[in-house]
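Listed below, chain by chain, are the residues.
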Amino acid sequence: MSQNSASSAPASRRRLRLGMVGGGPGAFIGAVHRIAARLDDRYELVAGALSSDPERARAAGAELFLAPDRCYTDFRAMAAAEAARPDGIDVVAIVTPNHLHYPMATAFLEAGIHVICDKPLVNTVEEAEALVALVRETGLVFVLTHNYSGYPMIRQARAMVAAGALGALRVIQAEYAQDWLATAVEQSGQKQAVWRTDPTRGGVAGSIGDIGTHAFHLAEFVSGLRCTALAADLQSFVPGRRLDDNAHILMRYESGVRGTLWASQVCTGTTNGLRLRLFGEAGGLDWHQEQPNELRFTPLGGPTRIIQRAGPESLPEATDISRLPAGHPEGYLEGFAQIYRDAADRIAAALEGRQAPTEAPLPTVEDGLRGVHFIHGVVESSRRDAAWVSLPAP
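Along every chain, residues carry numbers that run from 1 in the direction the sequence is written. Whole-chain, interface and lining totals are the exception, using all residues; otherwise, since this is a predicted model, local features are given only for residues with pLDDT of at least 70 and side-chain atom pairs are given and counted only at 80 or more. Think of the side-chain values as coming from all heavy atoms in the structure, minus any hydrogens and water.

J.: How should the sheet that holds strand S13 (residues 305-308) be read in this particular structure?
T.: A sheet is described by the order of its strands in space; here 9 strands give the open sequence S13-S12-S11-S10-S6-S9-S8-S7-S14, paired in mixed fashion. Edge positions in the sheet fall to S13 and strand S14 (389-390), since each has one partner strand and no second. With 4 bridges joining them, strand S11 (residues 283-288) and strand S12 (residues 294-299) adopt antiparallel strand pairing. Among the inter-strand pairings, Asp286 is bridged to a residue of S12, identified as Arg296. We call two residues contacting when some pair of their heavy atoms lies within 4.5 Å. Fitted lines through C-alpha atoms give the axes, limited to the stretch in contact for helices. The angle between two N-to-C directions lies from 0 to 180 degrees. Helical segments are the DSSP runs of H or I of at least four residues, strand segments are the runs of E of at least two, and each set is numbered from the N terminus. Where helix H6 (residues 152-162) meets the sheet, it contacts strand S6 (169-177), strand S10 (273-280), S11, S12 and S13, and its direction lies at approximately 25° from that of S12. Its contacts with the sheet put helix H12 (residues 365-383) on strand S7 (227-235), strand S8 (246-253), strand S9 (258-264) and S14, and the angle it makes with S7 is roughly 55°. We call two strands paired when DSSP finds no fewer than two bridges between them.

Below, the structure is given as structure tokens:
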């Protein structure tokens, strides 16, 4: 273990009591959240509404060693009961299909409970704006799990751009390609595909809402710039599919920077091809999620250098969140865990009435609103034959 903040004592007096809504039997992302929450030993899962079916809820809770009286079948009952307990949950993780995020987040915020929510935030702009207002009104911590922003080399890239290593930015290229929806797997009943291709649960967009929002958030997170306008062309290549499975988008950012964003879930031969490239007057950066521990930096007129996580050129922004020495791979789970760890620092500070030890760059409810505006802007642009659509200023 490298000597960094990952190995230091927790910045709180106890583990946070965590509840979970969704994430029951057959739910991939629920298990990911639970692993992430436990990786740094900052949380203890004590309650859950893992299924609306009483028998399944009890069975799922028993598998996770939850007390029978804390295995709920209704999220509103869970919020009320946990808020009334002296040992009630401090924070809830919402890991359900998109259409349930708004009522669930609202219920827990109104009960005075902090929230960690899967992305995208919600399905409509009106819901997103209402959540922003509620978070500001309550003063509670609300974190959105854009997990890729927790990767050390993404934090390194962000720091390098902010320090001027690339000079003035010119071009941002983001892409996220997969192939798991290359056929109509939703018609076979595949659980993850069924809700993601259903407009009543997934919202107005398919691949854009599922993975395009990750690419959008990452481009803004690393560059420090906001997209001001976009022109989009959406496709649904698989016959009968009701939501997009491919998108090509032109992007205009602040300061005259230009970019593109490509998201696709029908690209045969790709698995999780998230990539971000930034080009400035003095150099360029290139990062691939499938090689997450490396960042390629090419200064103008110089050779390409491969910066390794926890290596000699790794900045504190990366080394301080590295859990393993160089040469030992870190990736998806650790990225999620970093979001959870940063959230724990902020939530513990709020509970104990003190300042958080660091202001980590966590994805917030405002970032969620940005993502919802992006989704709806893309859909509107594509409906208007790739017309330019402006995005609201943050």
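There is more to say, and it comes next.
J.: Is there a simple way to explain the UniProt feature "domain: Gfo/Idh/MocA-like oxidoreductase N-terminal" (unreviewed entry) in the protein in this structure?
T.: UniProt positions are given in the numbering used here, feature names are shortened, and annotations may be inferred rather than shown by experiment. Residues annotated in UniProt with the feature "domain: Gfo/Idh/MocA-like oxidoreductase N-terminal" (unreviewed entry) correspond here to residues 17-144. Annotated as residues 17-144, this span is 44% helix and 20% strand, and its ends, taken at the C-alpha atoms, are 18 Å apart.

J.: What am I meant to see in the environment of Pro361 here?
T.: Residue placement: Pro361 occurs in the loop between helix H11 (332-352) and H12. Residue exposure (1.4 Å probe, protein chains only): buried if accessible area is under 20% of the type maximum, exposed if over 50%, otherwise partly exposed. When its relative accessible area of 24% is taken as the criterion, Pro361 is described as partly exposed. Along the sequence, Pro361 and Asp342 sit 19 residues apart, while their C-alpha atoms lie 8.4 Å from each other. Pro361 has contacts with Arg155, Arg158 and Phe221, leaving out every residue within four places of it along the chain.

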